[in-house]
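# Inside the fold
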Amino acid sequence: MAYEPTADELVFLNRCVELAAEALDSADEPFGSVLVSASGEVLFEDRNRTADGDQTRHPEFEIARWAAANMTPGEREAATVFTSGEHCPMCSAAHGWVGLGRIVYVMSSAWLTALRTELGVPPGPVSAIPIQEVVPGLRVDGPVAALEAAMRELHTRACA
C-alpha cells in the first residue's frame, strides 16, 4: 500500500528525486537522500557517488556516517531519512547500527528489481531485502506513488 506523505515530507522527497537526477547527470545511478532533524531541519543530503567504482558510496550510507560523527544518539533516533529508493541491505544495516530513526522512501526495492528485470538488466550482486528484515522494528513508510513515475523515468534512462 502506498504511503501518503504530508506536504512537508513531499518537499524532502522531491529533493531526493532532484538529487537522484543530479546523480544520473553525473553518470551515477539515480539515488538521492536527505537527513532531517526532528524539528524539520535538513542536516545532510547526498546522492549516489558510485561512478568511480566504489559501490559503497550510496547516499544512505553517507548519511549514516555523517550522523554517527555529528549527532547524539538521541538526535539520530529522532531524525528521519527521506530517500528516493528503499535502502539496500548495506545501507539498512548502516542505518540500524548508528541508530537512525524513521525512513520514508519513494520506490521499493521490489519495484526497482521488477523494473530492472522488465528493462532486461541483470540483477545486482546483493539481494533486495526489505529494510525491516535487516532492521526489525524500524518505522519505514513508502512507497510514495506520487513520485514513482519520476523515479521510473530516471531509472529507465539509467538502464538505457
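Let us look at the structure shown here. No experiment lies behind these values; they were computed from the predicted model shown.

With the rule as written, the count across this model stands at 13 salt bridges. Note that R57 is salt-bridged to E62, the shortest N-O span being 3.0 Å. The exposure class of R57 is partly exposed, given its relative accessible area of 26%. Residue classification places E62 among the buried positions, given a relative accessible area of 13%. A single network of salt bridges, built from pairs that share partners, joins E9, R102, R139 and D141.

Right, let's talk about the side chain of R47 for a bit. In this structure, R47 sits in strand β2 (residues 42–47). At a separation of 3.5 Å, a polar atom in the side chain of R47 contacts the side chain of S26. Within the local environment of R47, its side chain forms a polar contact with the side chain of D28, the two groups lying 2.9 Å apart. Each residue touching R47, except ones within four places of it in the same chain, is listed here: L19, E22, A23, S26, D28, F31, G32, R57 and P59.

What follows concerns the sheet that holds strand β1 (residues 32–36). Pairing is mixed across the open sheet formed by 5 strands, whose spatial order is β2-β1-β3-β4-β5. If you trace the sheet from one side to the other, it starts and ends with β2 and β5 (140–141), each paired once. Set on the sheet, helix α1 (residues 7–25) makes contact with β1, β2, β3 (80–85) and β4 (103–107); between it and β1 the angle comes to about 145°. Each of β3 and β4 is contacted by helix α7 (residues 145–159), which is oriented at about 65° to β4, the strand it contacts most.

As a further point, take helix α5 (residues 109–118). Every buried residue belonging to α5 is among S109, L112 and L115, and all of these are buried. Taken down its axis, α5 places every buried residue within 125° of arc, on the same side. Exposed residues pointing more than 90 degrees away from the buried face of α5 are listed as A110, T117 and E118. Along its buried surface, α5 packs onto β4 and α7. The first or second residue beyond α5 is G120, which carries a positive phi of 80°.

Bringing unusual backbone geometry into the picture now. Peptide bonds are trans in most cases, and residues, glycine excluded, mostly fall at negative phi. Residue G142 is joined to P143 through a cis peptide bond whose omega torsion reads 0°. Not every positive phi belongs to a glycine, and A27 is a case in point at roughly 70°. Look at A27 and you get exposed, because its relative accessible area is 63%.

About the cut-offs
Residues numbered from 1 in each chain as written. Predicted model: local features only at pLDDT ≥ 70, side-chain atom pairs only at ≥ 80, totals over all residues. Heavy atoms only, no water. Salt bridge = Lys/Arg side-chain N within 4 Å of Asp/Glu carboxyl O. Buried < 20%, exposed > 50% of the residue type's maximum accessible area, 1.4 Å probe, protein only. Helix = DSSP H or I, 4+ residues; strand = E, 2+ residues; numbered from the N terminus. Polar contact = N/O pair within 3.5 Å; in protein donor to acceptor, adjacent residues only side chain to side chain. Contact = heavy atoms within 4.5 Å. Pairing = 2+ DSSP bridges. Axes fitted to C-alpha atoms, helices over the stretch in contact; angles between N-to-C directions. Arc of directions from axis to C-beta.

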